[in-house]
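Chains, contacts and geometry: an overview
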Protein chains: 2
Amino acid sequence: MIKANDPSRKSWVHVPADSDFSIQNIPFGIFKTSDLNPRAATAIGDKVVDLSILHEVGLLEGLDLPSGIFSKPNLNDFMELGKATTRRVRDRISDLLEENNAELRDNDKLRSTVFHDMESVEMLMPVSVPNYTDFYSSEQHAFNVGTMFRGPENALMPNWKHIPVGYHGRASSIVVSGTPFHRPKGQTKADDADVPSFGPCRLLDFELEMAYITCKENPLGDAVSTSEAEDYIFGFVILNDWSARDIQKWEYVPLGPFLAKNFASHVSPWIVTMDALEPFMVEGPNQSPEVLPYLRYEKATHFDVSLEVGIQPEGAEETVVSNSNFKHMYWNVRQQLAHHTVNGCNMQVGDMYGSGTISGPEESAYGSMLELSWRGTKPLPMTDGSERKFILDGDTVIMRGHAEKDGIRVGFGEVKAKVLPAK
Amino acid sequence: MIKANDPSRKSWVHVPADSDFSIQNIPFGIFKTSDLNPRAATAIGDKVVDLSILHEVGLLEGLDLPSGIFSKPNLNDFMELGKATTRRVRDRISDLLEENNAELRDNDKLRSTVFHDMESVEMLMPVSVPNYTDFYSSEQHAFNVGTMFRGPENALMPNWKHIPVGYHGRASSIVVSGTPFHRPKGQTKADDADVPSFGPCRLLDFELEMAYITCKENPLGDAVSTSEAEDYIFGFVILNDWSARDIQKWEYVPLGPFLAKNFASHVSPWIVTMDALEPFMVEGPNQSPEVLPYLRYEKATHFDVSLEVGIQPEGAEETVVSNSNFKHMYWNVRQQLAHHTVNGCNMQVGDMYGSGTISGPEESAYGSMLELSWRGTKPLPMTDGSERKFILDGDTVIMRGHAEKDGIRVGFGEVKAKVLPAK
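Just so we're clear, the structure is a prediction, and the values are computed from it rather than from any experiment. Along every chain, residues carry numbers that run from 1 in the direction the sequence is written. Chain letters and ligand numbers both follow the written order, the letters beginning at A and the numbers at 1. Reporting of local features is limited, given that this is a predicted model, to residues whose pLDDT is at least 70; pairs of side-chain atoms are given and counted only at 80 or more, and all residues count toward the totals for whole chains, interfaces and linings. Hydrogens and waters are ignored; side-chain quantities use all the structure's heavy atoms.

Going along the chain from the N terminus, every DSSP run of H or I of four or more residues is numbered as a helix, and every run of E of two or more is numbered as a strand. Assigned secondary structure in chain A consists of 10 helices and 26 strands. The C-alpha radius of gyration computed for chain A amounts to 22 Å, which stays within 12% of the reference 22 Å derived for 423 residues, consistent with globular compactness. Overall, the C-alpha framework of chain A stretches about 70 × 55 × 35 Å when taken along its three principal axes. Burial status across chain A gives 63% buried among its 423 residues. In this treatment the radius of gyration is a C-alpha quantity, and the globule benchmark scales as 2.2 Å times the residue count to the 0.38 power. Relative accessibility decides the category of a residue: with a 1.4 Å probe and only protein chains considered, values under 20% of the type maximum give buried, values over 50% give exposed, and everything between is partly exposed.

Pasting the structure below:
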């Protein structure tokens, strides 16, 4: 067992029972304050722990960390040290926070510099993203969307159960939770119109996704096998892949989604390591027809992570509209990475790989408004008495995720974004 | 007129009549040698001129250049200085190479350090590419491909004349001319097969494209108009967007090309500035139906750049298989950039934007083997007696491009890559 995952560990830091940031989590993120430049941190309970200072004062000695590694504006260089090193760092941080360890606990002065209230800091993008790929790996989602457009008999494309279908997305517009953004404008064409028109998107949607972040490069031309994939995956975030359905419908044939997706994609700020999620791994579905040999895999590779989506209208209470789970995937992350590299495509450190919308089997577990409101035919009631087919200006969409087992909780916090009116 | 473009200028450096690198060009690139770290350069005649040394010794004084700006492994920071500055730098370099300027001409010692034979240096990727988008903007190409798959009546998709259709590509696998690469492997499915199979691509193709590189960011949420676009475009390279047609056919519905494209894309090493191409601008085609207001533009925006593609079988002479021209575009670069940002998508410095395959109206001007051999039905004869439907192992594909007017030639050199057998 990875030491930091030991369920018997307790921290001297107070961790509320419903906190995502138990001592078994130890995620990584980047924060700043009005006084402090961007730097790396972990989270425990309601606290943010400044890793740059822990390193500076020598509490992370003996881990082969280059000087200043935690004083950078992103985690790319840290992740690039490789999982053997980053795993030891996570273990060491866990030790420092463990209830019987006095090194930090009993050093009042240091503790007051190193600890911040989570509410008092600004979280930033944890990584610089050189490449972004989005998969389409939830069968229920692909089936739902296919059913709406082609009927249930032809819902899944012929390639869907043979290929973890994916496409390249836009890296520049991936932003951290809370970043303001405006309803996009673009071309749309009504079914009964002769020509397209231009204006604000009318069918703005979220997509509930998880994304993994890579920490290792493969040379151009070399494939990564399903068994090697784990070495390449540092951790996960929650991803809201905003989608403009009306723009998408008019633009996407034949080369795929473009302006319908690249105006903004929000991610949660804390990278929960693949290590921390290991205790929550479960078997995936039986894959039939059998996949080609390069997509076969050995170990359990799905993650039992509960996910929820809430909509908070301007000035009103939040309504939870979806309860899904990351385990509702057909293709797993090992298969995605093996497929992506089988032609020699090179991964880079900091790359982000989205799961695609995660829809569970029940209607209440669908991961987008397109599915939840079934193309707008079944509006969702909000607790303030209004209803939603798609997302309105002033709405804040909040996604949360956590794994829980035997009383241990490891979570992501949230990704949250408010839709401002079109400019 | 931009000073460096003055057609009456001559250089004290010998420039062969058929050289792409006249004193009216002054492109930018990155090179290294066995002794020298990567650094910026321009090219004139058969020579590479080390800009880092010119800057070091004070010959680029008064241009607001940060120290070490030309000693970096890419041109991103230089481009980010903005076109007002980079234009003055190009003018100043032109002055230093102008026949009556003695500063460098008469300094034998300096000249011997600054000048290298082009053959003796290794050219590197000129930029680090944060985002890569590929458009699909040549009407003849879209028509040809559409005709093959749907017949001439339905060749163009309904959106094609309203939207400069584009999609996100993979930035990590964009490599400089000469970089070795292997035939990709992947899933394909024969029309008469029940299930897909795995193996080396059998229909490897090139795509003849130009790409522009951006030098300015727009904030997320802000659109760039067609009239502002010029400020964002630093210059152009030739792009070979390698395509695995059989992989593409099986994977691309519904989310677009993925592994069929992302195994390698080669670019020419010298960025020819948009400024240097200004004298070669021509009117584009009449666009009908009329485009939406955000896609209207004022100035001539097409570029009269002759392009050719050669195939050199292993150990044999090259056969030129295509003669096209960058002017054969329906959508121009201003429209592409305005469309890309109209939803608020943010451009970054170093981004690459491909034109899509450039096919002219004659069969000999088609920009891919798919079109030239019409899906393999019309094999192309090689001068060595063999023939080609698609690209074979051992073949080297070479693309060249240059503009010429009133005896002035401004060119790109070449992008060249040899196909090694699948690993």
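Here the narrative resumes.
It is worth spelling out the domain arrangement of chain A at this point. All names here are of chain A. A domain assignment, automatic or from a database, supplies the domain bounds used here. Segmenting chain A into domains produces domain 1 (3-124) and domain 2 (132-420). Taking only C-alpha atoms into account, the centre of domain 1 sits 29 Å from that of domain 2. Listed per partner, the contact involves 30 residues of domain 1 and 29 residues of domain 2. The buried area of a pairing is the accessible area, by a 1.4 Å probe, that goes missing from both parts when the two are put together, added over both. Interface area for domain 1 against domain 2, summed over the two sides, is near 2,200 Å², with a carbon-plus-sulfur share of 60%. Considering only the side of domain 1, the residues that lose the most area to domain 2 are Asp20, Met79 and Lys83, jointly responsible for 30% of the buried surface there. What makes a salt bridge here is a side-chain nitrogen of Lys or Arg within 4 Å of a carboxyl oxygen of Asp or Glu, nothing more. One can count two salt bridges joining domain 1 with domain 2. Only heavy atoms enter the contact rule, under which two residues are in contact if any of them lie within 4.5 Å.

Looking now at unusual backbone geometry. Residues and elements named next belong to chain A. With an omega dihedral of 5°, the bond running from Val253 to Pro254 counts as a cis peptide bond. Within the fold, Pro254 resides in the loop between α7 (245-251) and β16 (265-267). One non-glycine residue with positive phi stands out, namely Asp64, at about 60°. Take Asp64: it is sitting in the loop between α1 (51-56) and α2 (76-80).

Residues and elements named next belong to chain A. Taken as a whole, this structure holds 62 salt bridges over all chains when the rule is applied. Its salt-bridge partner being Asp64, residue Arg88 comes within 3.4 Å of it at the nearest N-O pair. With Arg88 in helix α3 (residues 83-97) and Asp64 in the loop between α1 and α2, this pair connects stretches of sequence that are 24 residues apart. Accessibility expressed as a relative area gives 36% for Arg88, which makes it partly exposed. Note that Asp205 and Arg245 form a salt bridge whose closest N and O atoms lie 2.9 Å from each other. Of the two residues, Asp205 sits in strand β12 (residues 204-205) while Arg245 sits in helix α7, which places them 40 residues apart along the sequence.

In this section: the packing of aromatic side chains. A pair of Phe, Tyr and Trp rings is counted when the ring centres sit within 6.5 Å of each other, with Trp represented by its six-membered ring. The angle between the planes then sorts it: under 30 degrees is stacked, over 60 is edge-to-face, the rest tilted. Applying the stated criterion across every chain, the model contains 36 aromatic pairs over all chains. Taken together, a centroid distance of 4.8 Å and an interplanar angle of 40° make the contact between Phe181(A) and Trp242(A) tilted. In this pair, Phe181(A) sits in strand β9 (residues 181-182) while Trp242(A) sits in the loop between β14 (233-240) and β15 (243-244), placing the two residues 61 residues apart along the sequence. Here Phe181(A) and Trp242(A) have matching classes, each one buried. Ring geometry for Phe258(A) and Phe135(B): centres 6.2 Å apart, planes at 90°, overall edge-to-face. Placement of Phe258(A) in the loop between α7 and β16 and of Phe135(B) in strand β6 (residues 132-135) is noted, with the two residues assigned to different chains. Accessibility classification places Phe258(A) together with Phe135(B) in one group, the buried group. By the ring-pair criterion, three or more aromatic residues cluster together here, those being Tyr212(A), Phe236(A), Phe303(A), Phe326(A) and Tyr353(A).

Opposite the 56 residues of chain B that make contact, chain A presents 56 residues. Taking both partners together, chain B and chain A bury about 5,200 Å²; carbon and sulfur atoms supply 63% of that area. Applying the counting rule to chain B against chain A returns four salt bridges. In this structure, Lys423(B) engages Asp222(A) in a salt bridge whose closest nitrogen and oxygen atoms are separated by 2.4 Å. Identification of polar contacts relies on pairs of N or O atoms within 3.5 Å, with a donor-acceptor requirement for protein atoms, meaning one able to donate a hydrogen and the other able to accept it, and with residues adjacent in sequence counted only if both atoms are side-chain atoms. Inspection of the region where chain B meets chain A yields 28 residue pairs in polar contact (both at pLDDT 80 or more). At the level of secondary structure, the elements contributing two or more residues to the side of chain B that touches chain A comprise β6, β7 (166-168), β10 (185-188), β11 (197-200), α7 (245-251) and α9 (333-341) of chain B.

In this section: the state of the cysteines. Residues and elements named next belong to chain A. Disulfides are defined as cysteine sulfur pairs within 2.5 Å. Overall, the coordinates contain zero disulfides over all chains when judged by the stated rule. Between Cys215, a free cysteine, and Cys345, which holds the nearest cysteine sulfur, the sulfur-to-sulfur gap is 16 Å. Residue classification places Cys215 among the buried residues on the basis of a relative accessible area of 3%.

Further remarks concern the sheet that holds strand β25 (residues 396-405) of chain A. Residue and element names in this part refer to chain A. Here, strands pair whenever DSSP counts at least two bridges between them. With mixed pairing, five strands are arranged side by side in an open sheet as β9-β26-β25-β20-β21. Each end of this open sheet is capped by a strand with a single partner; those strands are β9 and β21 (319-325). Note: strand β20 (residues 306-312) against β25, seven bridges, orientation antiparallel. The residue bridging Leu307 from the neighbouring strand is Gly401, located in β25.

With that out of the way, let us pick up the pairing of strand β6 (residues 132-135) of chain A. Residue and element names in this part refer to chain A. Here β6 shows no split at all, with Tyr132 and Asp134 on one side and Thr133 and Phe135 on the other all buried. In terms of strand pairing, β6 meets strand β22 (residues 352-354) through three bridges, oriented parallel. Bridging from a neighbouring strand, Asp134 pairs with Gly354 of β22. Sheet topology places β6 next to strand β7 (residues 166-168); three bridges connect them, and they run antiparallel. Opposite Asp134, over in β7, you have Tyr167 as the bridge partner.

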